[in-house]
Amino acid sequence: MPANRNIIDLSVGFSFSDTTRSFIKKFFSIDVLGIYDNRLLDNEKDSLVLRIQNTKHGLITTKNNYFYLYYQDFQGNLDNTYGNTDILTIYDFFNTKNLLKKLAGKNIGFEFMVSKLRYLNVSDLGKWFSFVKYFYGLCKRYRHQLILSSGAKNIYELISLRVINSILDKLEVSSTEYWFDLNQWLSRKKRGLIYDSI
Amino acid sequence: MTLSKKKYRYIGIYLSSHLSSNKAGILEKLSNRYLGLFGSIDYSNANIRIIEIKDIPNSIVILKCRLESLTNMLISLSLIELELMIVSISGTLKQLKKKILTFLNHVSGYQKDLTFNFKDS
């Protein structure tokens with residue numbers, strides 16, 4: 001296992017301070033956090049990834065010196081998907097094969113939020129596991145990245161490394177391979193930082 | 001015939017304030033999720049129990065399950081609609097208690113600086 005491997009949760013949907021970030025690292029073993037709002041954070045920008053919603057109206061950025069990724073919620077077809085999107089967040093099942101084939105080579109991260117699974121009934125959960133298992137195979141074939149994020153809206157919805165690895169185990173995905181690939185994918189996405197004068 | 005000793009794991013869980021008074025309700029919800037996801041045979045093999053020990057605050061519940069069922073148990077715990085947090089997992093109650101106390105000390109020591117409030121998340 002590579003020594004420099006980071007454990008990554010690319011979607012944490014609540015604001016937190018540096019103390020809370022240390023808490024998350026200590027008790028959830030998460031090294032890198034994807035955030036939507038960076039108002040309360042000052043230090044250790046290396047362990048943070050700013051998520052910026054990709055819209056056709058242009059990008060709105062408010063903070064500087066952050067590594068950033070453009071994300072979009074996937075709407076079921078490619079008509080509203082913009083070229084520079086890094087992460088497509090998937091909420092529904094859809095005809096995956098054609099989509100992933102069309103996007104082959106773009107190295108997109110397809111993200112699934114674990115917090116949404118809490119509200120599914122068991123039969124939909126079973127379908128989800130089956131869908132993501134199939135999806136992972138397609139990601140491998142067409143060189144995309146599967147991303148499991150907590151999608152946490154509060155501290156109780158965060159998931160620890162141990163839980164993510166358990167879910168990966170059920171998806172028949174090697175956790176070593178998953179973390180290695182995700183780290184590689186993220187480092188390839190480091191296109192630069194935002195520097196603005198605000 | 002050789003008898004192999006069954007191995008167990010203890011899971012320390014932190015509960016939000018409105019859950020801590022209803023530990024049996026948590027076990028029921030967890031059991032329903034486990035049963036739905038992994039089936040009744042797996043559930044019966046898991047041997048899930050609530051462990052009562054002294055000197056642990058009401059906000060903590062300790063569950064015990066078979067080692068082979070730990071993955072299923074963690075998935076079930078994470079996929080229920082309850083405000084809880086898995087604090088630590090250990091093979092012995094002594095180690096678990098130690099980890100829980102570290103967690104509680106950390107939370108009480110830094111409560112001012114933590115952005116979230118455990119009681120009203």
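Coordinates for the structure precede this section.
Basis of the calculations
- Residues numbered from 1 in each chain as written.
- Chains lettered and ligands numbered in written order.
- Predicted model: local features only at pLDDT ≥ 70, side-chain atom pairs only at ≥ 80, totals over all residues.
- Heavy atoms only, no water.
- Helix = DSSP H or I, 4+ residues; strand = E, 2+ residues; numbered from the N terminus.
- Contact = heavy atoms within 4.5 Å.
- Areas by Shrake-Rupley, 256 points an atom, 1.4 Å probe, with all protein chains shown as cover.
- Pairing = 2+ DSSP bridges.
- Axes fitted to C-alpha atoms, helices over the stretch in contact; angles between N-to-C directions.

Chemist: Help me out: how do you make sense of the overall build of chain B in this one?
Modeler: Regarding its fold elements, chain B presents 4 helices and 4 strands. Overall, chain B shows an N-to-C arrangement of helices and strands of β-α-α-β-β-α-β-α. Relative to all contacts within chain B whose residues are 6 or more apart in sequence, the contacts with residues 24 or more apart total 70%. Here chain B displays about 6500 Å² of accessible surface, and carbon together with sulfur accounts for 50% of that area.

Chemist: What is the right way to read the environment of tryptophan 128 of chain A from this model?
Modeler: Relative to the assigned elements, tryptophan 128 of chain A resides in helix H3 (residues 122-141). Leaving out residues up to four positions away in the same chain, tryptophan 128 of chain A has contacts with Phe93, Phe112, Leu117, Leu148, Ile167 and Leu171 of chain A.

Chemist: Honestly, the sheet that holds strand S1 (residues 8-15) of chain B in this entry has me stumped. Any pointers?
Modeler: Strand pairing in a sheet relies on backbone hydrogen bonds, with the paired strands running either antiparallel or parallel. Residue and element names in this part refer to chain B. Ordered in space as S2-S3-S1-S4, the 4 strands form an open sheet in which the pairing is antiparallel. One side of each edge strand has no neighbouring strand; the edge strands of this open sheet are strand S2 (49-51) and strand S4 (84-90). Averaged over all neighbouring strand pairs, the angle between strand axes comes to 35°, with direction disregarded. As judged from the 7 bridges shared by S1 and strand S3 (residues 60-66), these two strands associate in the antiparallel manner. Within S3, the position partnered with tyrosine 8 by the bridge is arginine 66.

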